[in-house]
Structure formats: C-alpha cells, structure tokens
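# Overview (structure and organization)
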Amino acid sequence: MAWFKRKEKGIHTSTEEKKDTPKGLWYKSPTGKIIDTKELEQNFYVSPEDGYHVRIGSKEYFEILFDDNKFTELDANLSSKDPLKFIDTKKYPDRLKAAQSKTNLKDAVRTAVGKCNGQDLVIACMDFSFIGGSMGSVVGEKIARAADYALKKKTPFMIISKSGGARMMEAALSLMQLAKTSAKLAQLAEAKIPYISLCTDPTTGGTTASFAMLGDINISEPGALIGFAGPRVVRDTTGQELPEGFQTSEFLLEHGFLDFITHRKDLKRKVTLYIDLIKNQPLRVKTK
C-alpha cells in the first residue's frame, strides 16, 4: 500500500496533540525573500537577504535609539475628540476605539525623551498602524508639546515620519497642524537646537508638506516612499509616465531633497554624529 493512503478512515489526532506553526515564525519580504522573524528582529528589522527595511513602529524605533530602551513618554494619554461629528463607513469615535484596541496606541504618534549614546534626545515617532499614521489634532499637539519640551530643556529633537497624510475625519483641523508644527520647529531653529527628520516608508501628504522636510538634516531609510501625493495620483493627474524609482528615497537624494540615506543598523550612530556636528561638540561615536 502506498504510504499516503490511510489504513483507517477518520482523523484520530486529538485537538490537544495537534501542532500548529506559530504565527509570525517567518517573514516574507516584498522581493520574495523569507527570513526567520527572530533573525529579522536581531538585524534591526531589515531582511539580510535583500536589505529590505520592514515597516516598524515607535516601539521598535525607541528600542533602537534609546540607550537600554529606557525613556520617559510624554503626553501619553492624549487622544482625539470628534468636533466635526464625522461619519463615513463608521463613526469617527468608533474608528478611534477600534484603532486603539487593535494597536494598543492612543493615536498615530508617540513622543518620548531618553538617552541616546549618553545624551538626552526627544523623539516623536509616528505609527502607521494607527489609521495609516494619519495626522490629526493629537499628532500635531503632541509634536508641538515635544518641541516645547526640547526648547525648554535645550535638547535635540527628532521626528520619525511614517504617514499617509492628513486625517480626513478632522478636515481643516488636521490641515492646521502643518502650520502649527512648522512654527514650533522654527522656534527650535531660532534657539539653535538641532532637529533631525527621519523619513521612513511611507512619508506622504501633510507630513511631507511640513515637519518631515524641515530638518536641519533630512535623512531617510533605503527604499522609502516619500512624496506629497502617491505615484498613481501624480501619474493620473499629469498624464505623464514617471521616471524609474520616482519618489523613492534614492530618487529624492539624487535630486537634493534629502541629505543622507541611513541603513537602520547605523541609525543611532549616524543620528548621534549629526547632532554632535551641528552642536560643534566632541564626537561621541567613531566615524567610519
């Protein structure tokens, strides 16, 4: 009898004895490369096979940038209201509750202060998992308050952008955050406090039109999508075929919109180096 034929009908393995493959054991990158998730984590969430930078959130960036993952979160309990009584496929408050329950986040940005290579750094990091990293009133307010903290403490400031743009459920209130955050960054510039902007995949819409492109140094991760409108919208609007690699971080670097592209494993060292150079202070890390 062939090995694949059962001698007895029915399945006799009890539920308790069944062994399922744990979820998340493997990760498949868009290029088709497969990697063990533990190895991926140890490699700063970058596929060693092809260098693809997997989308990560504030939790992972804080682990990478803050010494020993120690930090104090700022304004952790701020959450959005519904001043416009907005309804699309569901009520805005219901959408917020669903996003908060799914992500365990209050909104699309977290702000914190901690040591980065021994010196204080304020970081505002966006989370794409929360309604596409959309920028609403809370995002603008938390970034503004983090900038105020950096201004008061004379501490370098960093924003990590990862956003689909303005949050339509807050309409003009969302668009007001562009001017609000830009004004705060102007105050930092006037006080000569370093501001580093990191654009990650994707950085689009109102974030690109405001704080994401206002850094003393604008940096990005390899292969990140950066632009105001997406490539499809630009193509349909202009009726033109787009250049190869349009709106990738490499394309923007070539055309002068970015200063550097930094691999995630070098991010902490490079951010420290940029801040030391801007402040004209002794270098804390070795240069390569």
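Residues numbered from 1 in each chain as written. Predicted model: local features only at pLDDT ≥ 70, side-chain atom pairs only at ≥ 80, totals over all residues. Heavy atoms only, no water.

## Examining the packing of helix α4 (residues 137-153) against helix α5 (residues 171-190)
Contact geometry for α4 and α5: axes closest at 8 Å, N-to-C directions at 10 degrees. Taken together, the axis directions place α4 and α5 in an arrangement best described as roughly parallel. Note on element contacts: α5 touches α4 through Leu 173, Gln 177, Lys 180, Thr 181, Lys 184, Gln 187 and Leu 188, opposite Ser 137, Gly 140, Glu 141, Ile 143, Ala 144, Ala 147, Asp 148, Ala 150 and Leu 151. In terms of residue class, the contact of α4 with α5 is made up of seven nonpolar, five polar and four charged. (Axes fitted to C-alpha atoms, helices over the stretch in contact; angles between N-to-C directions. Helix = DSSP H or I, 4+ residues; strand = E, 2+ residues; numbered from the N terminus. Parallel < 35°, antiparallel > 145°, perpendicular 65-115°, else oblique. Contact = heavy atoms within 4.5 Å. Nonpolar A, V, L, I, M, F, W, Y, C, P; charged D, E, K, R; others polar.)

## Considerations on the pairing of strand β4 (residues 109-116)
The buried fraction of β4 is high, at seven of eight residues. Across four bridges, the pairing between strand β3 (residues 71-74) and β4 is antiparallel. Across the sheet, the residue bridging to Thr 72 is Val 113, located in β4. Pairing between β4 and strand β5 (residues 119-126): eight bridges, direction antiparallel. Its bridge partner being in β5, Arg 110 is matched across the sheet by Cys 125. (Buried < 20%, exposed > 50% of the residue type's maximum accessible area, 1.4 Å probe, protein only. Pairing = 2+ DSSP bridges.)

## Brief notes about the nonpolar core
In this structure, Val 122, Val 139, Ile 143, Phe 157, Ile 159, Leu 188 and Phe 211 are the most contacted members of the largest nonpolar core, which totals 27 residues. When residues of this core are traced back to their parent elements, those giving at least two are α3 (92-103), β4, β5, α4, β6 (157-163) and α5. At five residues, the largest contribution of residues to this core is made by α4. For Val 122, the contacting residues outside a window of four places in its chain are Leu 74, Ala 112, Val 113, Ala 146, Tyr 149, Ala 150, Thr 155, Pro 156, Phe 157 and Met 158. Formed by 22 residues, the second largest nonpolar core is a distinct cluster that contains Tyr 45, Phe 62, Ala 112 and Leu 267. (Core = buried A, V, L, I, M, F, W, Y, C linked by side-chain atoms within 4.5 Å.)

## Concerning the sheet that holds strand β8 (residues 217-220)
Taken in spatial order, the seven strands of this open sheet run β3-β4-β5-β6-β7-β8-β9, and their pairing is mixed. This sheet does not close on itself; its edge strands, each paired only once, are β3 and β9 (260-261). Sheet analysis places β6 next to strand β7 (residues 195-203), joined by six bridges and oriented parallel. Of the residues in β7, the one forming a bridge with Phe 157 is Tyr 195. Seen against the sheet, α4 touches β3, β4, β5 and β6 and runs at an angle of roughly 25 degrees to β4.

## What about helix α2 (residues 58-65)?
The buried count for α2 comes to six of eight residues, which makes it a mostly enclosed element. The set of residues buried in α2 consists of Ser 58, Glu 60, Tyr 61, Phe 62, Ile 64 and Leu 65.

## Describing the pairing of β8
Here β8 shows no split at all, with Ile 217 and Ile 219 on one side and Asn 218 and Ser 220 on the other all buried. Here four bridges tie β7 to β8, and the two strands are oriented parallel to one another. Within β8, the residue paired with Ile 196 across the bridge is Ile 217. With two bridges joining them, β8 and β9 adopt parallel strand pairing. Bridging across to β9, Ile 219 finds its partner in Phe 260.

## Comments concerning α3
Helix length check: α3, at twelve residues, gives a terminal C-alpha distance of 16 Å against a target of 16 Å (1.5 Å per residue), a fit within 8%. Turning to α3, its buried residues number three or more, namely Tyr 92, Leu 96, Ala 99 and Thr 103. The buried residues of α3 all sit within an arc of 65 degrees when viewed along its axis, so they share a single face. Across α3 from its buried face, at more than 90 degrees, point the exposed residues Lys 97, Ser 101 and Lys 102. Just beyond α3, the residue with positive phi is Asn 104, at close to 60 degrees. (Expected span 1.5 Å × (residues − 1). Arc of directions from axis to C-beta.)

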